[in-house]
Amino acid sequence: MNMRPVSHFMRQTKNPSLSLRYQSLGCRKTVAITQALTSNTFVECLDLSDNDIGCDGMVSIAHMLTENYFITELSLEDNKIGLRGVATLCDVLSEHSYVKHLNLAGNGLNDPTAGVLGQMLKVNYTLTCLNVRQNQFSCLGAKAIAEALLSNDSLNELDISWNKIRSRGSEAIGKMVATNTGLISLNVSFNGLDALGAAAFTKAIKTNSQLVNLDLINTRIPGSECKELGKALALNTTLKIVKLGNNPFKEPDIELLFHGLTTTSLYIIGLEDIPLSKGLYKRLQEFEKEQKVVIHYGRSGGNQRSRPMTSSALRLDEFITTNLSKLAPLVLAKDKDKTGQLTVSEFKECLQEAGLRLRQNELNRLVDKLNLREDQVPHKEILMGKIPSVLERMRNSAKQKRVKVNTEENEDSF
């Protein structure tokens, strides 16, 4: 192949993950790559984001997928693939169901494209994760996807943030959530729920028994909905993460929200970019202690960490923070006895299933450096963003065990 990143490409073709992001491939080079991947049995995760692939390049990828049964994760973010490209891909996914994770973010997809995706979702029961953020879907597009998910309980994660969805479209998504039994993580942030959509989501939260992570950041939820939203969150026993930051809430609205939230199963409540007085901030801190929940304040992006971490801990912490919506349901499902802890081997399995791309020996070395091999992992605290203190405590525990063993051995020698 006469192309610039050929050496980079050839080195990765025997790895489970092949990333060719930002390589300016265009259509012609994409066609060459897909020809080489047609018979490849190693690559499971293919990332071709931001390569200006276009419709014709997308068609070649779709044709490759009819022959390649090993690729299960496909990222095509920022590629201008258009309606024809998506239609060809959806035709393949409707008949050849091997791709589980699909990323179509930032492609300028419009409502007719959403209709095509909706038709595919009605017959595809293998896809578990769909990312269509930063596109051009309006209410019609939202309704098409919501209608498809009324009969689809296989999709676990949907990111439809940063579109042009307003009240009627968000109402359709809210009504879908009320009856859907598949979605575990839903991101509708930076759309416009308004009063109609907010009311639909409040009702959905009361009845939904599957959703674990819900992102409603900057969705124009009116403050008048806070009281009922708090009551709905108190009734829900499966939701662990809810993000409400950057909504037009005033201090009385927040008071009503937490007044209704008399009890909660939540781990994290996001209130970033919402002004709070010192008095309310203090009361919310007391609520955190009483309910054993973490509230994120300040600027969007989560709570600040006050002390540096080792490179191993930092790497793990960054992955958990970035992939929390995927990791949380996996961890909760693994903890069948509801003990709040996993074995280290179970925790490693969850990390890998959530997408941590490390070879087994690399993952083992990472865990060895953290001295976690002999300990139980308290997953609730890790999911709540307390990994620095958790890791320090676990390292101290491992150190104490080693000291105890050495002491016993010395006593035996005498």
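Computed from a predicted model, the values in this text were never measured in an experiment.

## Thoughts on the overall build of the chain
Each helix and strand in the chain was counted, giving 17 helices and 13 strands. Out of the 414 residues in the chain, the part that is buried amounts to 51%. Across the chain, the fraction of contacts at a sequence separation of at least 24, relative to all contacts at a separation of at least 6, is 80%. Carbon together with sulfur atoms contributes 50% to the accessible area of the chain, which is approximately 19,400 Å² in total.

## So, helix 7 (residues 167-179)
Turn by turn, an α-helix covers 3.6 residues, leaving residues three or four places apart pointing in a common direction. Taking 1.5 Å per residue as the helical rise, helix 7 with its 13 residues ought to reach 18 Å, and the 19 Å between its terminal C-alpha atoms agrees with that figure. Those residues of helix 7 not exposed but buried are G169, S170, E171, A172, I173, G174, M176 and V177. As for helix 7, its buried residues are in contact with helix 6 (139-149), strand 7 (185-187) and helix 8 (194-207).

## Looking at unusual backbone geometry
Of note, Q134 is a non-glycine position whose phi angle comes to about 55°, a positive value. Here Q134 shows up in the loop between strand 5 (129-131) and helix 6.

## Quick look at the sheet that holds strand 6 (residues 157-159)
Reading across the sheet, the eleven strands line up as 1-2-3-4-5-6-7-8-9-10-11 and stay open at both edges, with parallel pairing between neighbours. Each of the sheet's edge strands pairs with one partner strand only, and the pair in question is strand 1 (17-19) and strand 11 (294-296). When the angles between neighbouring strand axes are averaged without regard to direction, this sheet yields 5°. By the bridge criterion, three bridges tie strand 5 to strand 6 in an arrangement that is parallel.

## Brief notes about empty space enclosed by the protein
Any empty space left between atoms is shown by rolling a water-sized probe over those atoms. With the rule as written, the count across this model stands at three cavities of 30 Å³ or more. Empty space within the second largest cavity amounts to approximately 40 Å³. The element contributing the most residues to the lining of the second largest cavity is helix 8, with four residues.

## Digging into the packing of aromatic side chains
With the rule as written, the count across this model stands at four aromatic pairs. Taking the centre distance of 4.0 Å and the plane angle of 10° together, the rings of W162 and F190 count as stacked. A residue pair is termed long-range when its members are at least 10 positions apart, and W162 in the loop between strand 6 and helix 7 and F190 in the loop between strand 7 and helix 8 qualify at 28 residues. Ring centres 4.8 Å apart and planes at 70° place the aromatic pair Y281 and Y297 in the edge-to-face group. Of this pair, Y281 sits in helix 11 (residues 278-291) while Y297 is found in the loop between strand 11 and helix 12 (311-322), placing the two residues 16 residues apart along the sequence. Taking the relative accessible area as the measure of exposure, Y281 reaches 34% and is therefore partly exposed. Y297 gets classed as buried once you look at its relative accessible area, which sits at 15%.

## Topic: the confidence of the model for the chain
Overall, the prediction assigns the chain a mean pLDDT of 85, with 81% of residues at 70 or greater. Segment residues 300-310: pLDDT under 50, and 18 contacts once partners within four positions in sequence are set aside and those in other chains are kept.

## Here we look at a nonpolar patch on the surface
A surface patch of nonpolar side chains, about 290 Å² in accessible area, is lined by Y69, F70 and Y98. By the secondary structure assignment, F70 is in the loop between helix 3 (54-65) and strand 3 (73-75).

## A short note on the nonpolar core
Counting 84 residues, the largest nonpolar core has L158, I173, L186, F258 and I269 as the members making the most contacts within it. Apart from the residues lying within four places of it in its own chain, the contact partners of L186 are L158, I173, V177, F201, L211, N213, L214 and D215.

## Digging into the side chain of N131
Mapped onto the fold, N131 is located in strand 5. Overall, the relative accessible area of 11% leaves N131 in the buried class. With residues near it in sequence (within four places) discarded, N131 still touches L102, N103, L104, A105 and D159.

## Focus on the packing of helix 3 against helix 4 (residues 82-95)
One can describe the packing of helix 3 onto helix 4 by two numbers: an axis separation of 8 Å at closest approach and a directional angle of 5°. One way to sum up the angle between helix 3 and helix 4 is to call them roughly parallel. In this structure, helix 3 contributes C55, D56, M58, V59, A62, H63 and L65 to the contact, and helix 4 contributes G82, R84, G85, V86, T88, L89 and V92. Along the lines of polarity and charge, the residues of the contact of helix 3 with helix 4 split into eight nonpolar, four polar and two charged.

Scoring rules and cut-offs
Residues numbered from 1 in each chain as written. Predicted model: local features only at pLDDT ≥ 70, side-chain atom pairs only at ≥ 80, totals over all residues. Heavy atoms only, no water. Helix = DSSP H or I, 4+ residues; strand = E, 2+ residues; numbered from the N terminus. Buried < 20%, exposed > 50% of the residue type's maximum accessible area, 1.4 Å probe, protein only. Contact = heavy atoms within 4.5 Å. Areas by Shrake-Rupley, 256 points an atom, 1.4 Å probe, with all protein chains shown as cover. Expected span 1.5 Å × (residues − 1). Pairing = 2+ DSSP bridges. Axes fitted to C-alpha atoms, helices over the stretch in contact; angles between N-to-C directions. 1 Å grid on protein atoms, 1.4 Å probe; cavity = no way out; pocket = protein on both sides within 12 Å on 5 of 7 lines; lining within 4 Å. Points joined across faces, edges and corners; volume = space filled by probe spheres on them. Phe/Tyr/Trp six-rings, centres within 6.5 Å; stacked < 30°, edge-to-face > 60°. pLDDT = per-residue confidence, 0-100. Patch = residues over 30% accessible without salt bridge, like charges linked within 9 Å, V, L, I, M, F, W, Y side chains within 5 Å. Salt bridge = Lys/Arg side-chain N within 4 Å of Asp/Glu carboxyl O. Core = buried A, V, L, I, M, F, W, Y, C linked by side-chain atoms within 4.5 Å. Parallel < 35°, antiparallel > 145°, perpendicular 65-115°, else oblique. Nonpolar A, V, L, I, M, F, W, Y, C, P; charged D, E, K, R; others polar.

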